[in-house]
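Examining the three-dimensional arrangement
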Amino acid sequence: QQQQQQQQQQQQQQQKQPQTSQHASSPLLPAGTEDLDLKTNDNAYHVIGALLTDRLLPKLDAHPGCTHYSLDQDDVDFFNGMLPYSVRRRFVDAVRYRLQLIKSGGRMGSAAGKAGDDAGWRRLTMQCQLLGLERMHQNVLLDLAQSVGKNYPINLKDQGPLAFGAAANGTQRQQQQQQQQQQ
């Protein structure tokens, strides 16, 4: 009986090991790419930014006129499984860097010669700012371990049609938020 129990324990431990190694590396990023430069690599920036905004922006759409959003445990598990902390931290730095480029009128690496691509990373950056992903404090990406149920304020300052994409996607929300700012 003891041998059977030991064998069962060993099997359970072996089953747990692959799960742990899966969480150590991200299924989104191949091994060895955790040190990507998200400040200048438009493709990597766009992939990660789209992953985040596709998950978070619908929270704002579900509650028109809201001034904050929060995560549930499924969101936290999703982000933890997809993006290691080091990548989330570098993404925050990249959003901050790209916001400075927008303010100064600068252009980005591979997008420098393509106006459409340039507008894409700019819109994505403004959406990230709307969600507060550039903040050092009250940033869902940096507070992930403590974020379930916590309210994260959205940033309506300096937001315009660029953050909301095409007029059909964001006109109603944009008008509501502009009315809130005027009040």
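About the criteria used
Residues numbered from 1 in each chain as written. Predicted model: local features only at pLDDT ≥ 70, side-chain atom pairs only at ≥ 80, totals over all residues. Heavy atoms only, no water. Core = buried A, V, L, I, M, F, W, Y, C linked by side-chain atoms within 4.5 Å. Buried < 20%, exposed > 50% of the residue type's maximum accessible area, 1.4 Å probe, protein only. Helix = DSSP H or I, 4+ residues; strand = E, 2+ residues; numbered from the N terminus. Salt bridge = Lys/Arg side-chain N within 4 Å of Asp/Glu carboxyl O. Expected span 1.5 Å × (residues − 1). Bend = angle between axes of the 7 residues up to and from the residue. Polar contact = N/O pair within 3.5 Å; in protein donor to acceptor, adjacent residues only side chain to side chain. Axes fitted to C-alpha atoms, helices over the stretch in contact; angles between N-to-C directions. Parallel < 35°, antiparallel > 145°, perpendicular 65-115°, else oblique. Contact = heavy atoms within 4.5 Å. Nonpolar A, V, L, I, M, F, W, Y, C, P; charged D, E, K, R; others polar.

1. Some points on the nonpolar core
- Counting 38 residues, the largest nonpolar core has L52, L56, L60, Y69, F91, L133 and V140 as its most contacted members.
- At the level of elements, α2 (42-61), α3 (73-82), α4 (85-104) and α5 (115-130) are the ones that each hand at least two residues to this core.

2. Some points on the pattern of salt bridges
- Here the structure, examined in full by the defined rule, presents five salt bridges.
- Across the pair R55 and D75 runs a salt bridge, and its minimum N-O distance is 2.8 Å. Within this pair, whereas R55 is found in helix α2, its partner D75 is found in helix α3, the two being separated by 20 residues in sequence.
- For R55, a relative accessible area of 27% translates into the label partly exposed.
- A salt bridge links R89 to D93; the nearest nitrogen and oxygen atoms lie 2.7 Å apart. Here D93 and R89 lie together in helix α4, a separation of four residues that amounts to about one turn.

3. Quick word on α2
- If you check α2, its first and last C-alpha atoms are 26 Å apart, about what 20 residues at 1.5 Å a residue would give, namely 28 Å.
- Residue T53 marks the point of greatest curvature in α2, where the axis turns by about 30 degrees.
- For α2, the capping residue at the N-terminal end is N41, with a side-chain oxygen 3.2 Å from the backbone nitrogen of N43.

4. What about the packing of α2 against α3?
- Two elements in contact, α2 and α3, have axes separated by 11 Å at closest approach and are oriented at 170 degrees. On the basis of the axis angle, α2 is roughly antiparallel to α3. Touching L51, L52, R55, L56 and K59 of α2 are D74, D75, F78, F79 and M82, all from α3.
- Grouping the constituent residues of the contact of α2 with α3 by class yields six nonpolar, no polar and four charged.

5. Digging into the side chain of R98
- In this fold, R98 is placed in helix α4.
- Residue classification places R98 among the buried positions, given a relative accessible area of 0%.

6. Focus on unusual backbone geometry
- Located in the positive-phi region is Q138, a residue other than glycine, with phi close to 55 degrees.
- For Q138, the position within the fold is in the loop between α5 and β2 (152-153).

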